[in-house]
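As a plain string of letters, each chain reads:
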2 protein chains.
Amino acid sequence: MLLEIDHHSGVPIYRQVIRQIRQQIMTGGLKDGDQLETVRQLAGRLKVNPMTVSKAYSFLEAEGLVERRRGVGLFVAKVEKDQREQIKDQLLKDAVNKAVVMAIQLGVSQEEAAEFFARQYEEYKSKSRR
Amino acid sequence: MLLEIDHHSGVPIYRQVIRQIRQQIMTGGLKDGDQLETVRQLAGRLKVNPMTVSKAYSFLEAEGLVERRRGVGLFVAKVEKDQREQIKDQLLKDAVNKAVVMAIQLGVSQEEAAEFFARQYEEYKSKSRR
DNA sequence: TATAGTGTATTAGTATAGTAATACACTTGG
DNA sequence: CCAAGTGTATTACTATACTAATACACTATA
């Protein structure tokens, strides 16, 4: 599994790991029961301490996306579809909420804010399609 | 001008100050040329060090919302309407972008994400109307 | 021009976040 | 049952963020 870390982006490494693995799980790149890359293996590839990877995995476990098996490794959690949707909703809600608060504090109407959101989405999509 | 600080919210004080004053400026509670509350005065009310207030003001100046007059005080910047809109757009863009990135990484379609956004906006609005 | 009012540069202290080193505990398979 | 593979608890180091203390510089005006 490809996983790209930017050591100079200012974004904490473990957060970059969380995002990318979460994306893999949510978009089907990793499926129920698949084993995650070993802590040491991934740490080696990223030239990072194993604890940093372990930290990322812990967050994913807390989110309910991943399950530990002691002495064995970590695996994509086998959960009901509903549950995964719920996790997705929660994550999205947290992210969207901040934007909403900002919009309202700036006195931006719902229509204007929605249009803004749509435009940004388009932009991002077309960028990543290149 | 009313300004509420929560010392236990975990949100840095200077950021709370930034948000609230920005809101005042953007929604017309503070108008072009109005003097901001004195650093010491505001610091006194909030039971906080003057430098903390000064820091908040510095950020607002960097955003272009506020102007310093040495030895005199800080004032709401007199700018073209266009310019203020531009600042607003930039702030909103930054906030919205994170939500958009999350939505895309979660594999959420534009329609679904937009609906999500709208719902959150409604919720927040109705909460603050109470 | 002196005083009382502005804001701030500099410095320091504290808390928190991020990363790493080390030693440990669990599981599986031969 | 032990060796080689998992992950991790504990501890420590470093960098950064936040707040505060202090002393200073600028401006208006009486």
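What you see is a predicted model, and the numbers here were worked out from it, not measured in a lab. (Residues numbered from 1 in each chain as written. Chains lettered and ligands numbered in written order. Predicted model: local features only at pLDDT ≥ 70, side-chain atom pairs only at ≥ 80, totals over all residues.)

Trainee: Mind showing me how you'd approach the overall build of chain A here?
Mentor: Looking only at helices and strands, chain A features five helices and two strands. Considered along the principal axes of its C-alpha atoms, chain A spans approximately 55 × 35 × 30 Å. Here chain A holds 130 residues, and the buried ones make up 24% of them. For chain A, long-range pairs separated by at least 24 residues make up 47% of all intrachain contacts whose partners lie at least 6 apart in sequence. (Helix = DSSP H or I, 4+ residues; strand = E, 2+ residues; numbered from the N terminus. Buried ≥ 20, exposed ≤ 12 C-beta atoms within 10 Å, placed from the backbone. Contact = placed C-beta atoms within 7 Å.)

Trainee: Could you clarify how one ought to interpret the environment of Leu2(A) in this entry?
Mentor: Following the sequence through the fold, Leu2(A) ends up in the segment before α1 (13-26). Between the alpha carbons of Leu2(A) and Gln24(A) there is a distance of 9.9 Å; along the sequence they are 22 residues apart.

Trainee: Looking at this model, I keep getting lost on the interface of chain B and chain A. Mind explaining?
Mentor: Interface size is commonly expressed as the accessible surface area that is lost when the partners come together. The interface of chain B with chain A comprises 33 residues on the first partner and 33 residues on the second. Mapped by element, the contributors of at least two residues to the side of chain B that touches chain A are α1 (13-26), α4 (81-105) and α5 (110-129) of chain B. The element contributing the most residues to the side of chain B that touches chain A is α4(B), with 15 residues. Taken together, the residues of the side of chain B that touches chain A break down into 20 nonpolar, seven polar and six charged. (Nonpolar A, V, L, I, M, F, W, Y, C, P; charged D, E, K, R; others polar.)

Trainee: Explain the protein's contact with DNA strand D here, please?
Mentor: Taken together, 24 residues form the shell around DNA strand D, and within it Val39(A), Gly71(A), Ile13(B), Asn49(B) and Gly71(B) come nearest. For the surface near DNA strand D, the element with the highest residue contribution is helix α3 (residues 50-63) of chain A, accounting for four residues. A class-by-class count of the residues in the surface near DNA strand D yields twelve nonpolar, eight polar and four charged. (Near = placed C-beta within 6 Å.)

Trainee: What's the story with the environment of Thr38(A) in this structure? I'm lost.
Mentor: In this fold, Thr38(A) is placed in the loop between α1 and α2 (39-46). Expressed as a C-alpha distance, the spacing of Thr38(A) and Val53(A), which sit 15 residues apart in the sequence, is 9.1 Å.

Trainee: Would you mind showing me how to read the protein's contact with DNA strand C here?
Mentor: In the vicinity of DNA strand C, 25 residues are found, and the nearest of them are Ile13(A), Asn49(A), Gly71(A), Val39(B) and Gly71(B). Those elements that provide at least two residues to the surface near DNA strand C are α1 and α3 of chain A together with α2 (39-46), α3 (50-63) and β2 (73-76) of chain B. Across the surface near DNA strand C, the residue classes break down as twelve nonpolar, nine polar and four charged.

Trainee: I keep staring at the relation of the copies chain B and chain A and nothing clicks. Help me out?
Mentor: Superposing chain B onto chain A requires a rotation of 180° together with a translation of 0.0 Å along the rotation axis, leaving an RMSD of 0.1 Å. The transformation just described matches what one would write down for a two-fold rotation axis. When the interface residues of chain B are mapped onto chain A, 100% of them are again interface residues, pointing to one common binding face. (Least-squares fit on C-alpha atoms with pLDDT ≥ 70 in both.)

Trainee: Just to check I follow, could you spell out the domain arrangement of chain A for this structure?
Mentor: One can read the domain layout of chain A as domain 1 (13-76) and domain 2 (81-129). Each of domain 1 of chain A and domain 2 of chain A has a C-alpha centre, and these two points are 26 Å apart. (Domains from an automatic or database assignment.)

Trainee: Got a minute to help me understand unusual backbone geometry in this structure?
Mentor: Negative phi characterises most residues that are not glycine, and trans characterises most peptide bonds. Positioned with a positive phi, Lys47(A) is a non-glycine residue whose angle comes to about 55°. Relative to the helices and strands, Lys47(A) is located in the loop between α2 and α3.

Trainee: Would you mind going over the confidence of the model for chain A with me for this structure?
Mentor: Low-pLDDT portions of the prediction should not be read for the details of their coordinates. All names here are of chain A. Taken over all residues, the pLDDT of chain A has a mean of 95, while the share at 70 or more is 98%. For chain A, helix α5 (residues 110-129) is the element with the lowest average pLDDT, namely 92, and strand β2 (residues 73-76) is the one with the highest, namely 98. Scored by ipTM, the complex comes to 0.90, with pTM at 0.91. (pLDDT = per-residue confidence, 0-100.)

Trainee: How should I be thinking about the pairing of β2(A) in this particular structure?
Mentor: Residue and element names in this part refer to chain A. Here four bridges tie strand β1 (residues 66-69) to β2, and the two strands are oriented antiparallel to one another. Across the sheet, residue Arg 68 finds its bridge partner in β2, namely Leu 74. Between β1 and β2, which pair antiparallel in sequence order, lie three residues; one of them, Gly 71, sits at a positive phi of approximately 75°. (Pairing = 2+ DSSP bridges.)

Trainee: Help me understand α3(B) in this model?
Mentor: In an α-helix there are 3.6 residues to a turn, and that puts residues three or four apart on one side. Residue and element names in this part refer to chain B. For α3, which comprises 14 residues, the first-to-last C-alpha distance of 20 Å matches the rise-based estimate of 20 Å (1.5 Å per residue) to within 8%. Taken residue by residue, α3 has Val 53, Ala 56, Tyr 57 and Leu 60 as its buried positions. The buried residues of α3 occupy an angular sector of 95° when the element is viewed end-on, so they sit on one face. Pointing more than 90 degrees away from the buried face of α3 are the exposed residues Met 51 and Ala 62. Considering only its buried residues, α3 is in contact with α1, α2, β1 (66-69) and β2. Residue Gly 64 follows α3 closely and has a positive phi angle near 90°. (Expected span 1.5 Å × (residues − 1). Arc of directions from axis to C-beta.)

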